[in-house]
Amino acid sequence: MLISVIIPCFNEAEVIEKTWEKLSEVLTADEQHRDEPYMHELIFVDDGSSDATMAKIKALACQDHHLKYISFSRNFGKEAAMLAGLSYAAGDCVIIMDADLQHPPELIPEMIDGWKDGYDQVIARRNRVGDNKRKTMAAHLYYKIINHIVDVKMTDGIGDFRLLDKKAVAALVSMQEYNRFSKGLFSWIGFKQKIINYENRQRAGGETKWSFKRLLSYGIDGLISFNNKPLRACCVLGFFLVFISLIYILITFIQIIAHGVDVPGYFTLISAVLIIGGVQLISIGVLGEYIGRIYYEVKRRPHFLIQETNIATENKTVSDVRKM
Ligand code: UDP
Ligand code: MG
């Protein structure tokens, strides 16, 4: 039995050694306590770091034969890094975790227990203790709204930290969409799921890679990737406006018949022009978002390019991975 742990890393030189140490300690201790012993592999995916991350990973790989690495030719984003890890993991189950120790490795034994009990996805859920208040409120609001709109269920506090059975991994790798929104994909594949809770942690070192702009764009991705309701909303809004306009035209027409033509109408005219213009622009924008996504999907570019790896890839090229 083999357990793979995937760790996406982007400029994590400050914490990478600590993370490896902690992970190895937890896994080695756990392996020995089990009736049915297992082996583990750690897959560090270097997402085009510009600091010493890769050098440190390579140095660790010399000491630890469990350590595998994949290094990208540039920064492709965490979604691509996770996909690479999932595509190359050989384990019977796979655990995805961040490199900054915000996902506590101590939870891994409990996750493995859940998997042994027959769950295909064992999901770690954090609370938001110690998080920025404004960020927490924004997140609450976002989840409230998004769960009304999208077709998959998304829960606050649930991220990428989870254990996946190889069935679930195969399902995720088989979804080759270019715009990957993992939170939605994990929920979409289903399978038997168990949630375990943990206390929120702060980064062990280094800093977050998620600026406000990046978070906003991620939020919009979540909204658009899993449904076409915004398109429908534009349609509904259009019909609503036509309905209101018809009523207005009718009223004005009756007034004209009763009192003759009423020339002063500047305010109503300009309001109508502005509102309808605004609605049209928003609708074109929504259409544009979808068309933009279609544009990237049809190109079918690989999700990532590998600079180097110590995983045997003789029979597995990047394009094979895409077709899997
Ligand atoms: N990460 C990545 N590629 C990126 C950005 C982030 O692989 O382009 C990794 C990062 O190294 C970390 C994880 O994704 O292991 C989560 O990132 P971070 O801790 O910055 O996010 P936060 O915890 O603040 O949401
Ligand atoms: Mg983090």
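Residues numbered from 1 in each chain as written. Chains lettered and ligands numbered in written order. Predicted model: local features only at pLDDT ≥ 70, side-chain atom pairs only at ≥ 80, totals over all residues. Heavy atoms only, no water.

Novice: Which residues make up a nonpolar patch on the surface, and what values go with them?
Specialist: Among the surface-exposed residues, Leu237, Phe240, Phe243, Ile244, Ile247 and Ile251 lie close enough to one another that they form a single nonpolar patch of about 560 Å² accessible area. With respect to the element layout, Ile251 can be found in helix H9 (residues 229-259). (Patch = residues over 30% accessible without salt bridge, like charges linked within 9 Å, V, L, I, M, F, W, Y side chains within 5 Å. Areas by Shrake-Rupley, 256 points an atom, 1.4 Å probe, with all protein chains shown as cover. Salt bridge = Lys/Arg side-chain N within 4 Å of Asp/Glu carboxyl O. Helix = DSSP H or I, 4+ residues; strand = E, 2+ residues; numbered from the N terminus.)

Novice: I'd like to hear about the pattern of salt bridges, residue by residue, with values.
Specialist: Overall, the coordinates contain 17 salt bridges when judged by the stated rule. Salt-bridge contacts for Lys116 lead to Glu36; the nearest nitrogen and oxygen are separated by 3.4 Å. One end of the pair, Lys116, is in helix H4 (residues 108-116); the other, Glu36, is in the loop between helix H1 (16-33) and strand S2 (39-46), and 80 residues separate them in sequence. Arg293 is the partner of Glu289 in a salt bridge, and the nearest nitrogen-oxygen pair spans 2.8 Å.

Novice: Mind laying out the side chain of Asp120, listing which residues take part and the relevant values?
Specialist: In this structure, Asp120 sits in the loop between H4 and strand S5 (121-126). Given a relative accessible area of 10%, Asp120 falls into the buried group. At 3.3 Å, the side chain of Asp120 and the side chain of Lys167 are in polar contact. (Buried < 20%, exposed > 50% of the residue type's maximum accessible area, 1.4 Å probe, protein only. Polar contact = N/O pair within 3.5 Å; in protein donor to acceptor, adjacent residues only side chain to side chain.)

Novice: Can you lay out empty space enclosed by the protein for me, pointing to particular residues and giving the numbers?
Specialist: Taken as a whole and judged by the stated rule, the model has 2 cavities of 30 Å³ or more. Of the voids in this model, the largest cavity is the one considered here, and its volume is about 50 Å³. Along its surface, the largest cavity is lined by Glu79, Met82, Leu83, Leu86, Leu172, Arg180, Ser182, Leu185 and Phe186. It is helix H3 (residues 78-88) that provides the largest number of residues to the lining of the largest cavity, a total of 4 residues. Among the residues forming the lining of the largest cavity, the class breakdown is 6 nonpolar, 1 polar and 2 charged. (1 Å grid on protein atoms, 1.4 Å probe; cavity = no way out; pocket = protein on both sides within 12 Å on 5 of 7 lines; lining within 4 Å. Points joined across faces, edges and corners; volume = space filled by probe spheres on them. Nonpolar A, V, L, I, M, F, W, Y, C, P; charged D, E, K, R; others polar.)

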